[in-house]
Amino acid sequence: MKQKIRKSSKVIFWTLYLAYMSIYVARVNLSIAGPALKNTGILDSAQIGFLGSCFFVVYAVGRIVSGTLSDTVAPARMICTGLLLSAASNIAISFFPPYAVILCLWTLNAIGQSMLWSSVLWTVVSISEKKVEKKKTSLMVTSVATGNIAGILINSWLIGGGNPGPAFMVPGIISAVMAVCVFAAASHIGAAESNKPAETHTVSVTASGINTSEKTAGATSFADTKDPSDVPQKAHMSVFGLLGNSSVRTMGIVAMIHGVMKENISLWMAVYIVDTYLVDLTKSSYYILLIPVIGLIGRFLFPVLLSMFKNNENRVSLFGFLLCIAGSAVLLPGKTLMLLSVLALGLIYMAVSFINTSLLSIYPIAFKESGNTASVSGLMDFATYLGAGISSAVYGIVISSFGYIPMFVSWIVISVIAVLILMGKTIR
């Protein structure tokens, strides 16, 4: 029986892995299709930037809503609904209706994609033994990088003839197929809140990591805690209850900062290379591919770094922001060797991969016992994509008038701010 359960868990895990990969294929297609969309007159840089901005803002709000729902709704239902919404929107965009309609459809894509991660994270935690939770969630989050790699390869091949339509049609079909697979594999998994234990646990979210104490009774709400670094876990908490904890608020600021870089690299990488080095997408696709490949290496390096920094995820994030500063500085001179620029973007992408794993995969586990893992993950994603959404609209306008260097300067500034915040958490 145990062997059967173990095999079933593996099937569920890898089905979810492929499903989460698929939404990045249906997201990075806008970036890869960007040059073709501009060449054919379908969209310009400002419109692409506004599409990205709307996606990120709607995704951010959607993550709060879906994070809360994911604590009480069966994960397969949330994941399948999200995949089907993403599928429908991408397939409809492939016919290239007027821009206003494309904007609405891309917004629908954001709503659908926002419904996945909290439920994916909870499912992985629920099917894993406690001693391997962090390992499994760290592995699951590599689907972001592998999804980006698959998205670049698939969409670059689909746009080979200069027609961007298939780059939306095919990812939509893939998402629909994955919805069926997820339902078949994980429809029996229950929601997070229905699985939480009755006892109260106290989890310490400190500079040295996450520690669980002995069971206690009658704990107060997060907002009432005298020491904001001690998070007493009892009944399921509302979003407002979670926001009453200073640790959640502080990490939300850090998440917002890293989101500015993480998502704007994905949005602008193809257009940046084509515009700066005046090459076509076919010749530059292999260079662009290096960016998420380096990011994937970063995902797999995370457990090594976590061990190196004595199981302190905040120090890993601090190290990541220092790398962001270094990579952005390399990009400041403007047009240099194309390979050097790609490697610098890859370094930044790898660095934000470290930070992303700390914030969205490791940190929410601290709230497992109260059934708030999904909602805390939603709050961190909300902050991430709020930062991305606000900045991408601004970057679209700035890039059209002044080029890409102001964007890289801003990355240095916000990374310094994040370093100062995290130093405060790690030193005390």
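No experiment lies behind these values; they were computed from the predicted model shown.

Undergrad: Give me the overall build of the chain: which residues, what numbers.
TA: Scanning the chain from terminus to terminus reveals 16 helices and three strands. When the 428 residues of the chain are sorted by exposure, 59% land in the buried category. For the chain, the exposed area adds up to about 16,300 Å²; of that, 70% sits on carbon and sulfur atoms.

Undergrad: Break down empty space enclosed by the protein for me, citing the residues and quoting the values.
TA: Going through the model one piece at a time under the given rule, you end up with five cavities of 30 Å³ or more. Taken as a whole, the largest cavity encloses approximately 100 Å³ of empty space. Elements with a minimum of two residues in the lining of the largest cavity: α2 (29-39), α3 (45-70) and α11 (246-277). Split into classes, the residues belonging to the lining of the largest cavity amount to seven nonpolar, four polar and two charged.

Undergrad: Which residues make up the pattern of salt bridges, and what values do they have?
TA: This model, assessed by the stated rule, comprises four salt bridges. Taking the shortest distance from any N to any O, the salt bridge between D275 and K38 comes out at 3.4 Å. You can see D275 sitting in helix α11 and its partner K38 sitting in helix α2, a full 237 residues away along the chain. Its relative accessible area of 34% is what places D275 among the partly exposed residues. A salt bridge links K262 to E263, with the nearest nitrogen and oxygen atoms 2.3 Å apart. For K262, a relative accessible area of 3% gives the class buried. The class for E263 is buried, based on a relative accessible area of 2%. Each member of the salt-bridge network shares a partner with another, and the members are R27, K262 and E263.

Undergrad: Describe the packing of α3 against α11, with residues and values.
TA: How two helices sit against one another is set out by the angle between their axes and by the gap between those axes. Between α3 and α11, whose axes approach to 11 Å, the crossing angle comes to 145°. Along this stretch, α3 crosses α11, giving a crossing that reads as right-handed. Taken together, the residues of α11 that come into contact with α3 (itself represented by S45, I48, G49, G52 and F56) are E263, L267 and W268. When its residues are assigned to classes, the contact of α3 with α11 shows four nonpolar, three polar and one charged.

Undergrad: Describe in detail the nonpolar core, supporting the description with residues and values.
TA: Of all hydrophobic cores here, the largest spans 119 residues; its most connected members are Y20, L83, F321 and W411. For this core, the element with the highest residue contribution is α11, accounting for 16 residues. Apart from the residues within four sequence positions on either side, W411 is in contact with V260, M261, N264, I265, S328, L345, I348 and Y395.

Undergrad: For the environment of V182, give the residues involved together with the corresponding values.
TA: Here V182 shows up in helix α9 (residues 166-186). Those residues within four positions of V182 in sequence are excluded, and the remaining contacts are T15, L16, A19, A76, I79, C80, L83 and S187.

Undergrad: Describe the side chain of T107, listing the residues and the values that go with them.
TA: Secondary-structure assignment places T107 in helix α5 (residues 99-113). A distance of 2.8 Å separates a polar atom in the side chain of T107 from the backbone oxygen of L103.

Undergrad: Describe unusual backbone geometry, naming the residues involved and giving the relevant values.
TA: In this model, K310 sits at a positive phi of 55°, which is unusual for a non-glycine residue. By secondary structure assignment, the location of K310 is in the loop between α12 (281-308) and α13 (313-331).

Undergrad: A description of helix α7 (residues 133-140) should follow, citing residues and the corresponding values.
TA: Residues lying three or four places apart along an α-helix face the same way, a consequence of the helix completing one turn every 3.6 residues. Those residues of α7 that sit buried are E133, T137, S138 and M140. Each buried residue of α7 lies within a common arc of 160° when the element is viewed along its axis, so the set occupies one face.

Undergrad: For the environment of Q113, give the residues involved together with the corresponding values.
TA: Among the structural elements, Q113 can be located in helix α5. Judged by its relative accessible area of 0%, Q113 falls in the buried class. Linking Q113 and S86, residues 27 residues apart in sequence, is a C-alpha distance of 6.3 Å. The residues touching Q113, leaving out its near neighbours within four places in the chain, are I23, A26, R27, F55, Y59, G82 and S86.

Undergrad: Describe the side chain of N29, and please don't skip the residues or the numbers.
TA: Structurally, the position occupied by N29 is in helix α2. Among residues more than four places away in sequence, those in contact with N29 are N90, W106, N155, A167, F168 and P171.

Undergrad: With reference to specific residues and values, describe α2.
TA: Extensive coverage of α2 is indicated by the burial of nine of its eleven residues. G41, located one to two residues past α2, shows a positive phi value of around 80°.

Undergrad: Describe a nonpolar patch on the surface, listing the residues and the values that go with them.
TA: Together, V293, I297, L301, V304 and M308 line one region of the surface with nonpolar side chains, adding up to about 420 Å² of accessible area. Along the polypeptide, V293 turns up in helix α12.

Undergrad: Lay out the packing of aromatic side chains in plain terms, naming residues and giving numbers.
TA: This structure, assessed with the given rule, holds 17 aromatic pairs. The interplanar angle of 15° and the centroid separation of 5.9 Å between the aromatic rings of F55 and Y59 together place this pair among those described as stacked. Of this pair, F55 and Y59 both sit in helix α3, separated by four residues, roughly a single helical turn. An identical accessibility class is assigned to F55 and Y59; each is buried. Between F56 and Y385, the aromatic rings sit 6.0 Å apart at their centres with planes inclined by 45°, giving tilted as the arrangement. Here Y385 lies in helix α15 (residues 373-402) and F56 lies in helix α3, a separation of 329 residues in the sequence. Assigned by exposure class, F56 and Y385 land together as buried.

Parameters and conventions
Residues numbered from 1 in each chain as written. Predicted model: local features only at pLDDT ≥ 70, side-chain atom pairs only at ≥ 80, totals over all residues. Heavy atoms only, no water. Helix = DSSP H or I, 4+ residues; strand = E, 2+ residues; numbered from the N terminus. Buried < 20%, exposed > 50% of the residue type's maximum accessible area, 1.4 Å probe, protein only. Areas by Shrake-Rupley, 256 points an atom, 1.4 Å probe, with all protein chains shown as cover. 1 Å grid on protein atoms, 1.4 Å probe; cavity = no way out; pocket = protein on both sides within 12 Å on 5 of 7 lines; lining within 4 Å. Points joined across faces, edges and corners; volume = space filled by probe spheres on them. Nonpolar A, V, L, I, M, F, W, Y, C, P; charged D, E, K, R; others polar. Salt bridge = Lys/Arg side-chain N within 4 Å of Asp/Glu carboxyl O. Axes fitted to C-alpha atoms, helices over the stretch in contact; angles between N-to-C directions. Left-handed = near helix turned anticlockwise from the far one by under 90°. Contact = heavy atoms within 4.5 Å. Core = buried A, V, L, I, M, F, W, Y, C linked by side-chain atoms within 4.5 Å. Polar contact = N/O pair within 3.5 Å; in protein donor to acceptor, adjacent residues only side chain to side chain. Arc of directions from axis to C-beta. Patch = residues over 30% accessible without salt bridge, like charges linked within 9 Å, V, L, I, M, F, W, Y side chains within 5 Å. Phe/Tyr/Trp six-rings, centres within 6.5 Å; stacked < 30°, edge-to-face > 60°.

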